[in-house]
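# Chain and residue survey
Listed below are the residues making up each chain.
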Amino acid sequence: MDIFRGWENYVERLRENWLAAIGENDTVLLAGDTSWAMKLADCTADFTFLQQLPGKKILIKGNHDYWWTTLSKMNRYLAENHFTTLSFLHNDCAFVEGKALCGTRSWLFDIGEPHDEKVMNRECGRLRASLSAAGDAEKIAFLHYPPVYPNADAKEIVEILHEFGVKRCFYGHLHGPSIPRAVQGNIDGIEYRLISADALRFFPYKI
């Protein structure tokens, strides 16, 4: 029986599982919280780890990605450090096998701080820009924060997903004891799935 070992040896487990599942021509989307670094210049070790793994990697912003800055600065950092297999999803989309990968960090719906409405409006704008860039292609949405919760949802985000005809939405952020409470499955025509690392036991999920 496979017993989940939490975060024990997670880096090596992630590496082994990645090598077993991902080829050079595959694309992997990382749903945020990629590095604990506070500044972009301090991401080198984490990005080197990703660069050395097969496949193309697309990153979206998580709540702990404090290093995240402007797209021009991040792209320049990738070029200067020869991180040729990494890219960022930021106000745009990525086309893979005829499908459009769209997304943004999103935001929590119930914090109640004065700046929350401003942040949520900004994230809605970014999600709308990403989905608009997809045109008529099938759109798959990726968010860091969950758009749906038990008995509630981030209605602004969910409304945009429906507006653009999104049928599949993947999200991260939830870990440990929060995983069993994640809302997954088909809700009003959208299939939601949690893809945080420990929820997947550090094994890439094939979309």
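### A short note on the pairing of strand E1 (residues 27-30)
Bridge count between E1 and strand E2 (residues 56-59): four bridges; the pairing is parallel. Counted as the bridge partner of Val 28 is Lys 57 from E2. Between the parallel pair E1 and E2, the chain is carried across by helix H2 (residues 44-51), and the sense of this crossover is right-handed.

### Details of the side chain of Asp 65
Examined against the element boundaries, Asp 65 turns out to sit in the loop between E2 and helix H3 (71-80). No salt bridge is formed by the buried Asp 65. Its closest oppositely charged neighbour is Lys 61, at 8.0 Å. Among the polar contacts listed, one links the side chain of Asp 65 to the backbone nitrogen of Thr 34, at a separation of 2.9 Å. Sequence-distant contacts of Asp 65, that is, excluding residues within four places in its chain, are made with Gly 32, Asp 33, Thr 34, Ser 35 and Ile 60.

### Focus on a negative patch on the surface
Taken together, the side chains of Glu 117, Asp 153, Glu 156, Glu 159 and Asp 188 make up a negatively charged region of the molecular surface. Inspection of the secondary structure assignment puts Glu 156 in helix H5 (residues 155-163). What makes Glu 156 partly exposed here is its relative accessible area of 30%.

### Overview of empty space enclosed by the protein
Tallied over the entire structure, the rule returns one cavity of 30 Å³ or more. There is about 70 Å³ of room inside the largest cavity. As for the largest cavity, its lining consists of Ile 60, Lys 61, Trp 68, Leu 89, His 90, Asn 91, Gly 103, Thr 104, Arg 105, Glu 123 and Arg 126. Of all the elements in the fold, those that place two or more residues in the lining of the largest cavity are strand E5 (99-104) and helix H4 (116-133). Tallied by class, the residues present in the lining of the largest cavity amount to three nonpolar, four polar and four charged.

### What about the packing of H4 against H5?
One way to put it is that H4 packs onto H5 with a least axis distance of 10 Å and a crossing angle of 15°. Classed by the angle they form, the pair H4 and H5 counts as roughly parallel. Considering the relative orientation of H4 and H5, their crossing is right-handed. Only Glu 156, Ile 157, Ile 160, Leu 161 and Glu 163 of H5 make contact with H4, whose side of the interface consists of Met 120, Cys 124, Leu 127, Arg 128 and Leu 131.

### Here's the deal with the pairing of strand E9 (residues 168-171)
With four bridges joining them, strand E6 (residues 138-143) and E9 adopt parallel strand pairing. Its bridge partner being in E9, Phe 142 is matched across the sheet by Phe 170. Note: E9 against strand E11 (residues 190-194), four bridges, orientation parallel. Directly across from Phe 170, in E11, lies its bridge partner Arg 193.

### Regarding the layout of surface pockets
Roughly 1400 Å³ of volume is contained in the largest pocket. Along its surface, the largest pocket is lined by 44 residues, and Trp 18, Val 28, Leu 29, Leu 30 and Ala 31 are the ones closest to its centre. For the lining of the largest pocket, the secondary-structure elements that each account for two or more residues are helix H1 (10-21), E1, H2, E5 and E6. Considering every element that reaches the lining of the largest pocket, the biggest residue donor is H1, with five residues.

### Focus on H2
Owing to its 3.6 residues per turn, the α-helix aligns residues three or four sequence positions apart on the same side. For H2, the complete set of buried residues consists of Phe 47, Phe 49 and Leu 50. Looking down the long axis of H2, one finds its buried residues gathered within 150° of arc, a one-sided arrangement.

### Overview of the sheet that holds E5
Read from one edge to the other, the open sheet built from six strands follows the order E4-E5-E6-E9-E11-E10, with strand pairing classed as mixed. Two strands bound the open sheet, and with one partner strand each, they are strand E4 (93-96) and strand E10 (185-187). Direction aside, neighbouring strands of the sheet carry axes that sit 25° apart on average. Along the sheet, H4 makes contact with E4, E5 and E6, crossing E5 at roughly 170°. Taken strand by strand, H5 contacts E6, E9 and E11, and its axis lies near 130° from that of E11.

Rules and cut-offs
- Residues numbered from 1 in each chain as written.
- Predicted model: local features only at pLDDT ≥ 70, side-chain atom pairs only at ≥ 80, totals over all residues.
- Heavy atoms only, no water.
- Pairing = 2+ DSSP bridges.
- Helix = DSSP H or I, 4+ residues; strand = E, 2+ residues; numbered from the N terminus.
- Right-handed = clockwise from strand over helix to strand, strands pointing away.
- Buried < 20%, exposed > 50% of the residue type's maximum accessible area, 1.4 Å probe, protein only.
- Lys, Arg positive; Asp, Glu negative; His and termini not counted.
- Salt bridge = Lys/Arg side-chain N within 4 Å of Asp/Glu carboxyl O.
- Polar contact = N/O pair within 3.5 Å; in protein donor to acceptor, adjacent residues only side chain to side chain.
- Contact = heavy atoms within 4.5 Å.
- Patch = residues over 30% accessible without salt bridge, like charges linked within 9 Å, V, L, I, M, F, W, Y side chains within 5 Å.
- Areas by Shrake-Rupley, 256 points an atom, 1.4 Å probe, with all protein chains shown as cover.
- Charge placed at Lys NZ, Arg CZ, Asp CG, Glu CD.
- 1 Å grid on protein atoms, 1.4 Å probe; cavity = no way out; pocket = protein on both sides within 12 Å on 5 of 7 lines; lining within 4 Å.
- Points joined across faces, edges and corners; volume = space filled by probe spheres on them.
- Nonpolar A, V, L, I, M, F, W, Y, C, P; charged D, E, K, R; others polar.
- Axes fitted to C-alpha atoms, helices over the stretch in contact; angles between N-to-C directions.
- Parallel < 35°, antiparallel > 145°, perpendicular 65-115°, else oblique.
- Left-handed = near helix turned anticlockwise from the far one by under 90°.
- Arc of directions from axis to C-beta.

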